[in-house]
Amino acid sequence: MTTTQSTSVPTAAPSAPAVGHRIQNAVIKYGFIFVTVTLFAYFAISEPSFRDSATLLDTLRYVSVAAVLGLGVTLTMAVGGMDMSVGAVAGLGVTVAAKTMVTYNQVGTVAILAVVAAGALAGLLNALLIVVLKIPDMLATLGTMFVIQGTKLILVDGQSITPGMTQSDGTTAPGRFTEGFLRIDRGTFLGVPGSVLIFGALTVVAWVFLARTRWGRVLYAIGANPEASRLVGIRVGAYRALAYVLSGVLASIGGLILASRIGQGDVSAGTSQLLEAVAVALVGTSVLGRGRPNVWGTALGAVLIGIITTGLTIEGLPYYTQDVVEGAVLILALVFSFTLSKRRTA
């Protein structure tokens, strides 16, 4: 009779490289969310006024313009491009809205339609330069940015438009910003500012478009490999044009919010919005380790910029230090998106 001895093989402990790999993956995937939550908790603990619901809503209201513009930038990044004209288009929207209501004495609805049409035309101009004339995206949209900024100044003879102003022909401007138009940003629904509701609604719509429709998947495919997309029969030029037209429309909506906020046709409006819009879109690429433009990442990037700006303002830091902090956060996001993710895939 023979006895069989069973030998148990001990389970090997996870190797150090495997543990390090998992930690690195966790940092890439959740690192930026952790940074956002940590900063929010820090300001909420150190500054009691930061916890007020009014402050939080004001933070979202403040970033709504950059967030909406950032959604447009996200669409163009999805096709492998970059729209550098969004700030100028938003500023054009402010001028067109003021010109329509103050100079031509039209109602707010007409102004809204005129602004959106101007944004769509700006997007078409970008599409013409990029798709038809084959100019690189960034160079084409930079050129468009300067053209739009100059056109905006020509339309108003280089001066801001305010109700009751004396016009170049000596007459008094007959119109004003209508109450309905001003409610775009200043009005509330169930206590939530209108601009925050627009930001939220457009985020959901853009997410559905990019993540849940064939058009969105095609945009991502073009961004990943335009030549392969062309070989399988995708009309690459048409989809790239669509991305830039949608970006122009979104930038014009940002201009509507901005015009409603300031209540006049400020010729400098929109100038500072470009950098923030590009920043939130780039920050968004690091969310959940996706390494590609995505709508929820852009929204979180906008919220993070708002948290930083509001928190530092409440703590009394000079405004000129905020750019340094925002730039550092952007660099950190790019490290998550590119440096760490490339090491993971290496």
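Residues numbered from 1 in each chain as written. Predicted model: local features only at pLDDT ≥ 70, side-chain atom pairs only at ≥ 80, totals over all residues. Heavy atoms only, no water.

## Observations regarding the overall build of the protein chain
- Assigned secondary structure in the protein chain consists of 13 helices and two strands.
- Put simply, of all contacts in the protein chain between residues at least 6 apart along the chain, 74% involve residues at least 24 apart.
- Per element, the accessible surface of the protein chain, about 16,900 Å² overall, is 66% carbon and sulfur. (Helix = DSSP H or I, 4+ residues; strand = E, 2+ residues; numbered from the N terminus. Contact = heavy atoms within 4.5 Å. Areas by Shrake-Rupley, 256 points an atom, 1.4 Å probe, with all protein chains shown as cover.)

## Considering a nonpolar patch on the surface
- The grouping of Leu125, Leu128, Val132, Leu133, Ile135 and Leu139 at the surface amounts to a nonpolar patch, some 520 Å² of accessible area in total.
- Ranked by the residues each element gives to the nonpolar patch, the list is headed by helix H4 (residues 108–132), at three residues.
- With respect to the secondary-structure elements, leucine 125 resides in helix H4. (Patch = residues over 30% accessible without salt bridge, like charges linked within 9 Å, V, L, I, M, F, W, Y side chains within 5 Å. Salt bridge = Lys/Arg side-chain N within 4 Å of Asp/Glu carboxyl O.)

## Some words on unusual backbone geometry
- Phi is positive for aspartate 157, which is not a glycine, with a value near 55 degrees.
- By the secondary structure assignment, aspartate 157 is in the loop between helix H5 (137–155) and helix H6 (179–186).
- Phi is positive for leucine 190, which is not a glycine, with a value near 55 degrees.
- Inspection of the secondary structure puts leucine 190 in the loop between strand S1 (188–189) and strand S2 (192–193).

## Let's talk about the environment of valine 73
- Relative to the helices and strands, valine 73 is located in helix H2 (residues 53–78).
- The class of valine 73 is buried, set by a relative accessible area of 0%.
- In sequence terms valine 73 and serine 85 are twelve residues apart; their C-alpha atoms lie 9.4 Å from each other. (Buried < 20%, exposed > 50% of the residue type's maximum accessible area, 1.4 Å probe, protein only.)

## So, the environment of glycine 237
- For glycine 237, the position within the fold is in helix H10 (residues 236–262).
- Residue classification places glycine 237 among the partly exposed positions, given a relative accessible area of 26%.
- Expressed as a C-alpha distance, the spacing of glycine 237 and isoleucine 222, which sit 15 residues apart in the sequence, is 9.6 Å.

## So, the pattern of salt bridges
- Enumeration over the complete set of coordinates arrives at four salt bridges.
- Between arginine 261 and aspartate 185 there is a salt bridge, and its shortest N-O distance comes to 3.2 Å. Here arginine 261, found in helix H10, pairs with aspartate 185, found in helix H6; they are 76 residues apart in sequence, far enough to count as distant.
- One continuous salt-bridge network, built from bridges that share partners, spans Arg61, Asp185 and Arg261.

## Here's the deal with H5
- Helix length check: H5, at 19 residues, gives a terminal C-alpha distance of 26 Å against a target of 27 Å (1.5 Å per residue), a fit within 8%.
- When we look at burial in H5, the residues that qualify are Asp137, Ala140, Thr141, Thr144, Met145, Ile148 and Lys152. The buried residues of H5 all sit within an arc of 145 degrees when viewed along its axis, so they share a single face. In this structure, H5 carries Leu139, Phe146 and Ile154 as exposed residues pointing more than 90 degrees from its buried face.
- Elements that come into contact with the buried residues of H5 comprise helix H3 (86–103), H4, H10 and helix H11 (273–284). (Expected span 1.5 Å × (residues − 1). Arc of directions from axis to C-beta.)

## Things to note about the packing of helix H7 (residues 194–212) against helix H8 (residues 214–224)
- Contact geometry of H7 with H8 gives a least axis separation of 5 Å together with a crossing angle of 70 degrees. When the interaxial angle is binned, H7 and H8 end up roughly perpendicular. Contact residues: Phe209, Leu210, Ala211 and Arg212 in H7; Trp215, Gly216, Arg217, Leu219 and Tyr220 in H8. (Axes fitted to C-alpha atoms, helices over the stretch in contact; angles between N-to-C directions. Parallel < 35°, antiparallel > 145°, perpendicular 65-115°, else oblique.)

## Brief notes about the side chain of threonine 310
- With respect to the element layout, threonine 310 can be found in helix H12 (residues 295–314).
- A residue is classified by how much of its surface remains accessible, and threonine 310, at 16% relative accessible area, is buried.

## Observations regarding the side chain of serine 229
- One can find serine 229 in helix H9 (residues 226–231).
- Of the residues examined, serine 229 reaches a relative accessible area of 4% and is grouped as buried.
- Dropping the residues within four chain positions of it, serine 229 is found in contact with Ala221, Ile222, Ile234 and Val236.

## Some points on the nonpolar core
- Of all hydrophobic cores here, the largest spans 63 residues; its most connected members are Phe177, Phe181 and Leu210.
- Top contributing element to this core by residue count: H3, with eleven residues.
- For leucine 210, the residues in contact, after removing those within four places along its chain, are Thr74, Leu75, Ala78, Gly216, Arg217, Leu219, Tyr220 and Val295. (Core = buried A, V, L, I, M, F, W, Y, C linked by side-chain atoms within 4.5 Å.)

## Notes on the packing of H6 against H10
- In contact at an axis separation of 7 Å, H6 and H10 are set at 105 degrees when each is read in the N-to-C sense. In terms of orientation, H6 lies roughly perpendicular with respect to H10. Contact residues: Phe181, Leu182, Arg183, Ile184, Asp185 and Arg186 in H6; Leu256, Ile257, Ala259, Ser260, Arg261 and Ile262 in H10.
- The class makeup of the residues in the contact of H6 with H10 is seven nonpolar, one polar and four charged. (Nonpolar A, V, L, I, M, F, W, Y, C, P; charged D, E, K, R; others polar.)

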